[in-house]
Amino acid sequence: MSYVAIADRDDPHAQHDPQTFLTKYIWSQDHKVIAIQYGVVAIAIGLVALGMSVMMRLQLGFPNSFSFIAPQNYLQFITMHGMIMVIYLLTALFLGGFGNFLIPLMCGSRDMVFPYMNMLSFWFYLLAVLILVAGLFVPGGPTGAGWTLYPPQAVLPGTPGASWGILCMLASLAIFIVAFTMGGLNYVTTVLQARCRGMTLMRMPLSVWGIFCASILGLLAFPALFVSAIMMTLDSVLGTSFFMPAVASLGEAAKHSGGSPLLFQHLFWFFGHPEVYIVALPAFGIVSDLLSTHARKNIFGYRMMVWAILAIAVLSFVVWAHHMYVSGMNPYFGFFFATTTLIIAVPTAIKVYNWVLTLWRGDIHLNVPMLFAIGFIFTFINGGLTGLFLGNVTVDVPLSGTYFVVAHFHMVMGVSPIMVVFGAIYHWYPKMTGRMFNETLGNIHFWCTFLGTYAIYLPMHYLGILGVPRRYYAYSNSIEFIPLSVQEANKWITISAIFVALVQLVFLFNLIWSYFHGKPSGGNPWRSASLEWQTPETPATHGNWGPKLPVVYRWPYDYSVPGAPDDFIPQNVPASDKIPAGHDGHGHDGPGHGGHK
Amino acid sequence: MSLTVAYSALLTGILVWLFLVRKLSAKSWDANTAISAADAHADGFERMPASKLGLRVFLVVISSLFALFMSAYYMRMGNGHGAEANLGDWRAITESPVLWINSTLLVFSSIAMQWARSATTQGDLARTTKMLMIGGLFACAFIIGQLYAWRELRVSEVFTPQNPAVAFFYLLTGVHALHILGGLYVWGKTYMKLAFKQAELVDVKLSVELTSVYWHFLLLVWVVLFGLLLAT
């Protein structure tokens, strides 16, 4: 019997509907449930990291006022906050969460191609998170080596968590990478193989493009972190000297000899820089879809957007050493990497122009997802431009290790993707739950978060230019070049940070409250053209599409098409047909219809 | 070496570029001139079973893993830092002759797997089962041989965990052996189906094919690793 393409299989019984509570919600192989499992765990551990950042800010804003924040705790908070936010929240949420939820729905498939492996991916992720959390309770506490885990200090006595904490971190990372690999294989294979009829690569929404390319980046880059995690574990446990040089620690010669800390840095950043784009590319894709849908206008320069994603993905592998200008590597490397860093700004800038041009003369509906999408453009331009400073060797050297760097990467890698995460959750919340969120609470959440993050990070740029070093527990009066006003700024930042952290409770409340009390959303409240809004049921049931898979006839950006009776044409409407007025997948008009202008 | 890598990268880049330009130049916004729905999915990937494509992607991931391990090896020797960086503690090891025997075992294993695969296409159930078993046994023998080589190095005079040549030897061969063990798990499942569950050839044809591809790939990885170990 010859092989039947997935797009030609219409038999829903092949999906084996889950029957019990356990198979439906716990050991589920349904991509939508796994997505929500990923999302819940990622947000939960993200809240822990948020709490840690509040602890750090309390110490910086009001030094030595809190007895429970000792110097070693401060370093541990820094380390755990950074690693959790980058890996366990953002990567997991964008790929494990949105990747899982959106790929099959947007591509018109019933599920991921390897559902069992997809389920394993989540459970491995959860195990990784649990081991990470276990690190908080082992003797010596979690590692305080900084999120980059640089040797030699990461495994030397004197660094918090240098014995058990670092091992928990490395083990957790290795397991996370195994989890990601299982998920990533699914995302890539599903996109390449399980798209429905008519869904050519160039008809895929940019969200899928972003997640697809980010998955490929992850599959190629995470092995570098895996390699470094294994080698550092061996250095720590068996006394090898891959990274550990001959070093005297606390007055005694350590057992290591000749290892290369620089090698670790190369490996770490060979993963670390693509990691930036593993987070950014899905955000780029998703924000493109949000802008287009809520501006009722096709995305500007779709083809260019796809090519820009691909160009960024390729270039992201040749910029890693711009994180290492002060590491003592060959100065000529700096020249090369500064050049590639400036080159990668070109496709990125193209994307920014295209987002702005998508808004230009659009029918902009300023609802909550759109607010977050526009907020992203602001924060991303802000963070991106400071990246140009830091990408140049001569400018980076004096700014390296200061709060300018902290401000830069929080704007570009923290706030910007989080803006997209919020926008995306608000946007697809009706599809996940069948209910609308509370618009007022959403607005409060946006404005407080958006303005609040500026209140936090804008002053940090000034601190950085003054030369205030990062990762310091306290700035004593002996550092002469730091004026007293820095302390005032730190106080302001801390108060703003606590305010923004508290505002996130509004978001959580909204998610939970609306799940029970939100207005029914209907099938397509945003009157969106992309395929995930055209499922026969909302929330989509197991198998997504009922007995027959959809067929796609057009791209996902047919908004405000001249001559069409409505301002959107879903992807599954044949080219010759005009959409009947009021079509929304269910015949309901959701609260998003019309919106506020 | 750098030039070879650069040329291969360039060649790969050109091939990828040609593929992408062809695929990604459609004017997707023009619904009227777009290709018909029935033809619109013809990019080739859908015609292969998902697990086949999944394995290919997985092999790319493994390639990345071993390439990074080998880059680390090369740099830890004192190369590639961009400046003279004689780290001074690399004491080369003499590879045990048993590694040659192990390599031969792995080659035999791969050949047997290929024969098993050919036997499935010819519909010869008995021969498939037999060849599959022989292939697996050779792979087990390879693992045992590797353990023997580990033991030999353990008692040699250059052995010390601080010697990076020793540490890398264990690391690289260990990671490779773990991949073989992973393969043996899948091999075991397939063999069980054939030998004890009376499965039809059609049920295991794909598994045998994928197992053989994985085996050839790991042989290739081993040849490169062994070459690297011998050359340094």
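For clarity, every value in this text was computed on a predicted model and none was experimentally measured.

So, about the overall build of chain A. When its secondary structure is counted, chain A shows 14 helices and two strands. Taking the principal axes of its C-alpha atoms as reference, chain A extends roughly 80 × 55 × 50 Å. Counting only residues that meet the buried cut, chain A has 56% of its 597 residues in that class. The long-range share in chain A, meaning contacts at least 24 apart out of those at least 6 apart in sequence, stands at 80%.

In terms of helices and strands, chain B carries six helices and zero strands. Tracing chain B from N to C terminus, the helices and strands come up as α-α-α-α-α-α. Here chain B, with 232 residues, has 30% of them falling under the buried criterion. Put simply, of all contacts in chain B between residues at least 6 apart along the chain, 75% involve residues at least 24 apart.

Once that is clear, we can look at the nonpolar core. Residues and elements named next belong to chain A. Counting residues in hydrophobic clusters, the biggest one holds 229 residues, and the most contacted among them are Val208, Leu267, Leu281, Val287, Ile309 and Phe372. Counting residues per element, this core draws most heavily on helix H3 (residues 71–107), at 24 residues. Filtering out sequence-adjacent residues up to four positions away, Phe372 remains in contact with Met419, Val420, Phe422, Gly423, Tyr426 and Phe446.

Right, let's get into the interface of chain A and chain B. Each side of the interface is counted separately: chain A has 57 residues, and chain B has 41 residues. Those elements that place two or more of their residues in the side of chain A that touches chain B are helix H5 (164–193), helix H6 (206–237), helix H7 (261–294), helix H8 (302–315) and helix H9 (331–359) of chain A. The element best represented in the side of chain A that touches chain B is H6(A), accounting for eight residues. Residue composition of the side of chain A that touches chain B, by class: 38 nonpolar, 15 polar and four charged.

All names here are of chain A. Look at H8: 20 Å from first C-alpha to last across 14 residues, which is about the 20 Å you get at 1.5 Å a residue. Restricting attention to buried positions, one finds in H8 the residues Tyr302, Met305, Val306, Ala308, Ile309, Ile312, Ala313 and Leu315. Along its buried surface, H8 packs onto H6, H7 and H9.

What follows deals with the packing of H7(A) against H8(A). Residues and elements named next belong to chain A. Taken N-terminus to C-terminus, the directions of H7 and H8 make an angle of 175°; their axes are 11 Å apart at the nearest point. With respect to their mutual orientation, H7 and H8 come out roughly antiparallel. Taking contact as the criterion, the partners of Tyr277, Leu281, Phe284 and Ser288 in H7 are, on H8, Met305, Ile309, Ile312 and Ala313. When its residues are assigned to classes, the contact of H7 with H8 shows seven nonpolar, one polar and no charged.

All names here are of chain B. Where helix H3 (residues 98–121) meets helix H6 (residues 201–231), the axes come as close as 9 Å, and the angle between the chain directions of the two elements is 155°. Between H3 and H6, the interaxial angle falls into the category roughly antiparallel. In terms of crossing hand, the pair formed by H3 and H6 is left-handed. Contacts between H3 and H6 pair Leu99, Ser103, Leu106, Val107, Ser109, Ser110, Met113, Gln114, Ala116, Arg117 and Thr120 from the former with Leu201, Lys205, Val208, Glu209, Thr211, Ser212, Trp215, His216, Leu219, Trp222 and Phe226 from the latter. Of the residues belonging to the contact of H3 with H6, the class tally is 11 nonpolar, eight polar and three charged.

Turning to the environment of Ser207(A), a few remarks are in order. All names here are of chain A. Structurally, the position occupied by Ser207 is in helix H6. Between the alpha carbons of Ser207 and Phe284 there is a distance of 7.5 Å; along the sequence they are 77 residues apart. Setting aside its immediate chain neighbours within four residues, Ser207 contacts Leu102, Met106, Gly285, Ile286 and Asp289.

Moving on, we get to unusual backbone geometry. Residue and element names in this part refer to chain A. The step from Pro151 to Pro152 runs through a cis peptide bond, and the omega angle for that step is 5°. Secondary-structure assignment places Pro152 in the loop between helix H4 (115–134) and H5. Positive phi values are uncommon outside glycine, yet Asn544 reaches one of about 65°. Phi is positive for Ser560, close to 50°, though the residue is something other than glycine. Mapped onto the secondary structure, Ser560 falls in the segment after helix H14 (485–517). On the basis of neighbour count, Ser560 is assigned to the partly exposed category, with 15 C-beta atoms found within 10 Å.

Looking at chain B as a whole, its pLDDT mean stands at 85, while 86% of the residues score no less than 70. The ipTM, which scores confidence in the relative placement of chains, is 0.90 for this predicted complex, and the corresponding pTM is 0.93.

The rules behind these values
- Residues numbered from 1 in each chain as written.
- Chains lettered and ligands numbered in written order.
- Predicted model: local features only at pLDDT ≥ 70, side-chain atom pairs only at ≥ 80, totals over all residues.
- Helix = DSSP H or I, 4+ residues; strand = E, 2+ residues; numbered from the N terminus.
- Buried ≥ 20, exposed ≤ 12 C-beta atoms within 10 Å, placed from the backbone.
- Contact = placed C-beta atoms within 7 Å.
- Core = buried A, V, L, I, M, F, W, Y, C linked by C-beta atoms within 7 Å.
- Nonpolar A, V, L, I, M, F, W, Y, C, P; charged D, E, K, R; others polar.
- Expected span 1.5 Å × (residues − 1).
- Axes fitted to C-alpha atoms, helices over the stretch in contact; angles between N-to-C directions.
- Parallel < 35°, antiparallel > 145°, perpendicular 65-115°, else oblique.
- Left-handed = near helix turned anticlockwise from the far one by under 90°.
- pLDDT = per-residue confidence, 0-100.

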